[in-house]
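Structural description and commentary
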Amino acid sequence: MSWSALEAEVRRRSDAGRPVEFWWRDDDASVPGEALKRALSLSKKSAVPLALAVIPEDAGPGLFELLHERVTVLQHGTDHRNRAAAGEKKTEYPGAEAATAALARISEGLKKLSSVSGFIPVLAPPWNRIRQDLVEKLPSIGIRGLSAYGPQQRREPAPGLRQVNTHVDIIAWRAGRGFAGEQQVIGQATKWLATGEPVGWLTHHAVHDAEAWDFMERLFTLRGVRWLSAAEAFSYTAPAHG
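Here, residues in each chain are numbered from 1, in the same order as that chain's written sequence. With the structure being a predicted model, the display of local features is reserved for residues of pLDDT at least 70 and the display and counting of side-chain atom pairs for 80 or more, all residues being used for whole-chain, interface and lining totals. Only hydrogens and water are set aside; all other atoms, that is, all heavy atoms of the structure, feed into the side-chain values.

Details of the overall build of the protein chain
Within the protein chain one finds 8 helices and 11 strands. Based on C-alpha atoms, the radius of gyration is set beside the globule rule, defined as 2.2 Å times the residue count to the power 0.38. At 18 Å, the protein chain has a C-alpha radius of gyration in line with the 18 Å of a compact globule built from 242 residues. Overall, the C-alpha framework of the protein chain stretches about 50 × 40 × 40 Å when taken along its three principal axes. Counting the 242 residues in the protein chain, one finds 50% classified as buried. Here the positive residues are Lys and Arg and the negative ones are Asp and Glu; neither His nor the chain ends is included. Think of each charge as sitting on NZ of Lys, CZ of Arg, CG of Asp or CD of Glu. Averaging the coordinates of the 30 positive side-chain charges in the protein chain and doing the same for the 28 negative ones gives two points 3 Å apart. Numbered from the N terminus, helices here are DSSP runs of H or I no shorter than four residues, and strands are runs of E no shorter than two. For the exposure calls, accessible area comes from a 1.4 Å probe over protein chains only, and a residue counts as buried if that area is under 20% of its type's maximum, exposed if over 50%, partly exposed in between.

Considering the packing of aromatic side chains
Pairing of aromatic rings covers Phe, Tyr and Trp, the last counted by its six-membered ring, and requires centre-to-centre distances within 6.5 Å; plane angles under 30 degrees mean stacked, over 60 mean edge-to-face, and any other angle means tilted. The tally for this structure, following the rule as stated, stands at 8 aromatic pairs. A centroid spacing of 4.9 Å and a plane angle of 50 degrees characterise the contact between Trp24 and Phe220, whose relative ring orientation is tilted. Here Trp24, found in strand S1 (residues 20-29), pairs with Phe220, found in the loop between helix H7 (210-219) and strand S11 (225-227); they are 196 residues apart in sequence, far enough to count as distant. Exposure remark for Phe220: the relative accessible area of 9% places this residue in the buried category.

So, helix H6 (residues 182-193)
Every α-helix carries 3.6 residues per turn, so stepping three or four residues along brings you back to the same face. Look at H6: 16 Å from first C-alpha to last across 12 residues, which is about the 16 Å you get at 1.5 Å a residue. Of the positions making up H6, those classed as buried are Val185, Ile186, Gln188, Ala189, Thr190, Trp192 and Leu193. In this structure, the buried side of H6 is in contact with helix H1 (3-15), S1, strand S7 (168-169), strand S9 (178-179), strand S10 (199-203) and H7. In this analysis, the expected span of each helix is defined as 1.5 Å times one less than the number of residues it contains. Note on contacts: a residue pair is in contact if any heavy atoms of the two residues lie within 4.5 Å.

A short note on the side chain of Ser147
Inspection of the secondary structure puts Ser147 in the loop between strand S5 (145-146) and strand S6 (162-163). What qualifies as a polar contact is a pair of N or O atoms within 3.5 Å, subject to a donor-acceptor requirement within protein and to the restriction that residues adjacent in sequence count only when both atoms come from side chains. There is a polar contact of 2.9 Å between the side chain of Ser147 and the backbone oxygen of Val164. Once you skip the residues sitting within four places of it in the chain, Ser147 turns out to touch Trp23, Arg25, Val122, Leu123, Ala124, Pro125, Asn128, Val164, Asn165, Thr166 and Phe234.

What about the environment of Asp209?
Take Asp209: it is sitting in the loop between S10 and H7. In this structure Asp209 comes out as partly exposed when scored by relative accessible area, which is 25%. C-alpha separation for the pair Asp209 and Gly178, spaced 31 residues apart in sequence, amounts to 6.1 Å. A polar contact of 3.0 Å, which involves the side chain of Asp209, links it to the backbone nitrogen of Phe179.

Section: the environment of Val10
Mapped onto the elements, Val10 comes out in helix H1. Val10 sits 89 residues away from Ala99 along the chain, and the two C-alpha atoms are 43 Å apart. Setting aside chain neighbours within four positions, we find Val10 in contact with Val20, Leu193, Leu222, Arg223, Gly224 and Val225.

Thoughts on the pattern of salt bridges
Salt bridges are counted wherever a side-chain nitrogen of Lys or Arg sits within 4 Å of a carboxyl oxygen of Asp or Glu. Within this structure, the stated rule accounts for 12 salt bridges. The salt bridge involving Glu92 is made with Arg105; its shortest N-O contact spans 3.1 Å. Here Glu92 is found in the loop between strand S3 (71-75) and helix H4 (99-113), whereas its partner Arg105 is found in helix H4, with 13 residues between them in sequence. Classification of Arg105 as buried rests on a relative accessible area of 10%. Connected through shared salt-bridge partners, Glu9, Arg12 and Arg13 make up one network.

Dropping the structure here:
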């Protein structure tokens, strides 16, 4: 798949009255650094909303001072610590951990981020993995959205919880952790366009190489696309105060 193929597909859908909607989630934000600053600058320059998944335990004022009005903060676990048992895929929420302990940790992270400007109560679990028994309890501690990766069975996996996944990961994690390649990434995007759902783009600023940055810059110039903010993607409205 090529840029011309993606452009043609976007144009075809727009002409048919089916406008293309994308949204952008970037993971593992913790402390200020040049890569994070570049992602924030790219969002501002291109006027593309950014859903920044922040690790609460590691984040401090220096990070939040960098954010601009197009950035929405999501909760990226609490400490991003891999607690998986031998033979289990990486996860902050292993099967052996008591649900009460996991929920208490999520609640702790939520409390830390709740006062941050631009935060919405959406959990993006590290490694995009979380146990179903925890998912069902997330609304009870104040989480209103869940974002993982790939196909999902339901928009509302629990009452009061909306799930909106990402679909296109631009990093080749098992092949050098560099850019996955134009053909691979555009192919993924075109496949997900066929669903008619907003397509979620997943990035990890800290591991981007030059090709990854170049791809994102070009992606943000694609005509005929509406980029959703996280609040729009999750249909989230902040509660009224006072």
